[in-house]
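What follows is the residue order along each chain.
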Amino acid sequence: MSLLYNEQRPVDPLGDADAENDKQVKHNRAKVGSSRPSSLLYTYGPGAIMDLPQFTIMPTGLDDWNRIWRRRESDPPQIHAPRLRQAVRTHMRAPNVQLRPFPWQPKRNTFSSEGADLGVPARVFPQWLRCTGCDLLGLVSQFSYVNTHPYRSDLARFEHPKCPGRSGEGKATRPAVPARYLLACAAGHLDEFPYDLWVHRGRRCGKAEFPFLKMIDRTAGKGASATIHCASCGERRQMNEAQGVAGAAKLPRCRGRHPHLDAFEPKGCVAATKLMLIGASNLWFPSTLSIIVMPESAEEKASDLADRLRGALGDKLAKYAGNLELIRDFAATAKVDVTGQSDDALTALVAIALQPPPSEEEQEAKLRDWDPVDLLVPEWRYLLKDPIGDRHEDPASGLTLSRRDRDPQLRPEITRVLAAERLRKVNALTGFTRIDAFDRVGDVPRRLVPLARERYPDWTVATEDRGEGVFLQLAEERVAAWELKVETSKIWEAHKEAHRRNFNRRFSETAENIHADERLRPPRYWLVHSLAHVLIRGMAMECGYSAASLSERLYAWPGTDERPPAAGLLIVTTASDSDGTLGGLVSLSEPVRLQRVVSSALERAARCSSDPICARRTPTDPEDFLHGAACHCCVMASETSCERANRFLDRRFLIDLPGSSLGFFG
């Protein structure tokens, strides 16, 4: 996506501080806040609005982050996950994207300065503020910024000095808070609310070039209840006029603004705008990809080494391709280890590295045909192998697996159990959307907002999570037979029809080229998904982690010529800001404990406090919800646990319920 720069200066907070130091002006380097890596990836990434104690900020695009990284003499660190990196390159249409962590460095103690020159750059947004003392509504430049304590970021705030108060007789200093209204559109643009034009109904104030505005808001938390008042000419207008269908017609058209990039769409935007609040949960939806890092195959290792050679040597690779000794010297200087490669192997690596990148047409075709299952197949293939001995560890990936015996009373439909005593999960951000979440297999790519001004960014932000998990494999023969039975049932036909309605309504542009049934998950996915949810609920009662800390990784697809059939699940818990987790989850893989967890989970799935309504729930025209006998009382899980937003769930596929005999476990 091509973008134009706004005329504001790029965000470079530390560069600004250096400039002030050169002028011998005292400047406070105190940061304004902090956040965990997982929050910065899933909740407060570039383009999101982050609440600080006194005001709100927006992390900027990755272009501004480069100014932070350049303060280090060495190259920025990279996260090694070749399989994920290739998928990210496809989705971002950038042939050389690397995965980097957030710019952060731990401190040896509270008062040390390590990492003081690293951090996520951000700008104040929205830049309209309201004085809490006199209701003055103005831009951030009309207020004073205070941040005098280097270790108390919660004290940073904007103030209105000499505030006259509502009576007009005081001269106190009062804090200012963000004005809470914004404009957004479905194309991912976000803009300040034009208060001056709103109160004057699209015209300029007749009394002043820069009118004196007030926001009178006495009922915080009750929607658009404020009143905008122009003290210069006396005009007033309620914000609730901007709500609803009638209010949408009164809002200005979208200007195509991306505030995190300081940029506008070159050709503007024709989408209608929607009134938003700064704390709205649908203001920012991340689009992410993730993998469990598995040992690499010989082909994957060769591809990764060739990629590193290409990145490190650049134009030298083609110039000296025939001189292997010189290639080895260049590689050693660039810290690319090729010492174990024979001349024939190195020649093959150079040939791979010199292959031309795919054309735009090939990239688009690859993205159009891409399936999320592609990331899961290598994991499934590896998990099908029995580990060599107890606590078998792969040095490169850190994956540590142990085979667990089955308890004699464990349900026979569960054929294999593995304990993942250590694992590494890598997550990468590819973009974001606003108003509605982005479904990777059923939406138009242009809705995805870019993370950088560059058309082909050379990196994106990623996180490494370390933790543990329990893997269960179901009997393929039983699953296949059960699936044939479900596919001829009335319940499954009702789910298919509901999915068609949902797909055609929500993804109308995609539906012009893709049939809805191609995007419907097969019955075995509903089975494995429902089983994962009831196990998460059951394991949370035993392992010491909350249900929101557990997440699922589902392997459920029919077999094809390219991949074997899969029916299994991995329940994991991970942490992104520590060395791992404490073993409470993996201990549940012990035979007796696992049998007890599975039995009690299936037993609880037979009852729901919303029965019989929940047990008999089946979508009928015009309903288009994507679940059956499932609700928050029995099967549904938190957003952090579920990979499909609580869709494709039905207890009737797990166990027999009144009026249904489709239960896999009977």
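Above this text sits the structure in question.
Residues numbered from 1 in each chain as written. Predicted model: local features only at pLDDT ≥ 70, side-chain atom pairs only at ≥ 80, totals over all residues. Heavy atoms only, no water.

## Observations regarding the overall build of the protein chain
Of regular secondary structure, the protein chain possesses 17 helices and 25 strands. For 666 residues, the compact-globule estimate of 2.2 N^0.38 gives 26 Å, and the protein chain sits close to it at 28 Å. On the principal axes, the C-alpha backbone points of the protein chain span a range of 80 × 75 × 50 Å. Looking at the 666 residues of the protein chain, the share that counts as buried comes to 50%. A sequence separation of at least 24 residues applies to 69% of the contacts in the protein chain between residues at least 6 apart. Split by element, the accessible area of the protein chain, about 31,900 Å² in all, is 50% carbon and sulfur. (Helix = DSSP H or I, 4+ residues; strand = E, 2+ residues; numbered from the N terminus. Rg over C-alpha atoms; globule rule 2.2 N^0.38 Å. Buried < 20%, exposed > 50% of the residue type's maximum accessible area, 1.4 Å probe, protein only. Contact = heavy atoms within 4.5 Å. Areas by Shrake-Rupley, 256 points an atom, 1.4 Å probe, with all protein chains shown as cover.)

## Some points on the sheet that holds strand 12 (residues 190-192)
Spatial strand order, 12-11-18: 3 strands in an open sheet with antiparallel pairing. Each edge of the sheet is formed by a strand with only one pairing partner; in this case those strands are strand 12 and strand 18 (274-277). Strand after strand, the sheet turns through a mean of 40° between neighbouring axes, direction not considered. The pairing of strand 11 (residues 181-184) with strand 18 spans 4 bridges and is classified as antiparallel. Each bridged residue has a counterpart across the sheet, and for leucine 182 the counterpart in strand 18 is methionine 276. (Pairing = 2+ DSSP bridges. Axes fitted to C-alpha atoms, helices over the stretch in contact; angles between N-to-C directions.)

## A look at the pairing of strand 10 (residues 172-178)
Summarising the sheet, strand 6 (residues 128-131) and strand 10 pair through 3 bridges and their orientation is antiparallel. Residue pairing for strand 10: leucine 129 is matched across the bridge by proline 178. Bridging between strand 9 (residues 157-163) and strand 10 involves 4 bridges; their strand directions are antiparallel. By the bridge assignment, cysteine 163 is partnered in strand 10 with alanine 172.

## With respect to the environment of glutamine 595
In this structure, glutamine 595 sits in helix 17 (residues 591-605). Sequence spacing of glutamine 595 and valine 146 is 449 residues, and the spatial spacing of their C-alpha atoms is 59 Å. Not counting the four nearest positions on each side in its chain, glutamine 595 is found in contact with Asp407, Gln409 and Leu410. Within the structure, the side chain of glutamine 595 is placed 2.9 Å from the side chain of serine 599, a separation counted as a polar contact. (Polar contact = N/O pair within 3.5 Å; in protein donor to acceptor, adjacent residues only side chain to side chain.)

## Points about the sheet that holds strand 3 (residues 56-59)
Spatially, the 3 strands line up as an open sheet ordered 2-3-5, and their pairing is antiparallel. The open sheet is flanked by strand 2 (50-51) and strand 5 (122-124), the only strands paired with a single partner. The pairing of strand 3 with strand 5 spans 3 bridges and is antiparallel. Bridged to isoleucine 57 within strand 5 is valine 124.

## Describing the side chain of lysine 425
Mapped onto the elements of the fold, lysine 425 is located in strand 22 (residues 414-433). Despite its burial, lysine 425 pairs with no opposite charge; the closest candidate is aspartate 465, at 5.5 Å N-O. (Lys, Arg positive; Asp, Glu negative; His and termini not counted. Salt bridge = Lys/Arg side-chain N within 4 Å of Asp/Glu carboxyl O.)

## A word on the pattern of salt bridges
Taken as a whole, this structure holds 44 salt bridges when the rule is applied. Across the pair aspartate 304 and arginine 308 runs a salt bridge whose closest N-O atoms are separated by 3.5 Å. Placement of both aspartate 304 and arginine 308 in helix 7 (residues 298-313) is noted, with a separation of 4 residues, approximately one turn of the helix. With a shortest N-O distance of 2.9 Å, aspartate 611 and arginine 651 are connected by a salt bridge. In this pair, aspartate 611 is assigned in the segment after helix 17 and arginine 651 in the segment after helix 17, connecting sequence segments 40 residues apart. The exposure class of aspartate 611 is partly exposed, given its relative accessible area of 27%. Residue arginine 651 is classed as buried on the basis of its relative accessible area of 1%.

## A few points about the packing of helix 7 against helix 10 (residues 343-353)
Where helix 7 meets helix 10, the closest approach of the two axes is 8 Å, and the angle between their N-to-C directions is 70°. Taken as axis vectors, helix 7 and helix 10 run roughly perpendicular relative to one another. In this structure, the crossing between helix 7 and helix 10 has a hand that is right-handed. Between helix 7, through Ala302, Leu305, Ala306, Leu309 and Arg310, and helix 10, the contact on the second element is made entirely by Leu346, Leu349, Ile352 and Ala353. (Parallel < 35°, antiparallel > 145°, perpendicular 65-115°, else oblique. Left-handed = near helix turned anticlockwise from the far one by under 90°.)

## Structural notes on the packing of aromatic side chains
Throughout the structure, instances matching the rule amount to 23 aromatic pairs. Plain terms: the ring middles of phenylalanine 471 and tyrosine 555 are 6.4 Å apart, the flat faces sit at 70° to each other, and that makes the pair edge-to-face. Of this pair, phenylalanine 471 sits in strand 23 (residues 459-474) while tyrosine 555 sits in strand 24 (residues 551-557), and the two are 84 residues apart along the sequence. The class for phenylalanine 471 is buried, based on a relative accessible area of 1%. The class for tyrosine 555 is buried, based on a relative accessible area of 0%. Measuring from ring centre to ring centre gives 5.7 Å for tryptophan 482 and phenylalanine 653, while their planes differ by 80°; the resulting arrangement is edge-to-face. Linking tryptophan 482 in helix 13 (residues 476-487) with phenylalanine 653 in the segment after helix 17, this pair joins segments that are 171 residues apart in sequence. (Phe/Tyr/Trp six-rings, centres within 6.5 Å; stacked < 30°, edge-to-face > 60°.)

## Some thoughts on the packing of helix 4 (residues 82-92) against helix 11 (residues 360-368)
Contact geometry for helix 4 and helix 11: axes closest at 9 Å, N-to-C directions at 110°. Relative to helix 11, helix 4 is oriented roughly perpendicular. In the crossing of helix 4 with helix 11, the sense of the turn from one axis to the other is left-handed. Each of Arg89, Thr90 and His91 in helix 4 lies in contact with helix 11, whose residues at this interface are Gln363, Lys366 and Leu367. Here the residues of the contact of helix 4 with helix 11 are counted per class, giving 1 nonpolar, 3 polar and 2 charged. (Nonpolar A, V, L, I, M, F, W, Y, C, P; charged D, E, K, R; others polar.)

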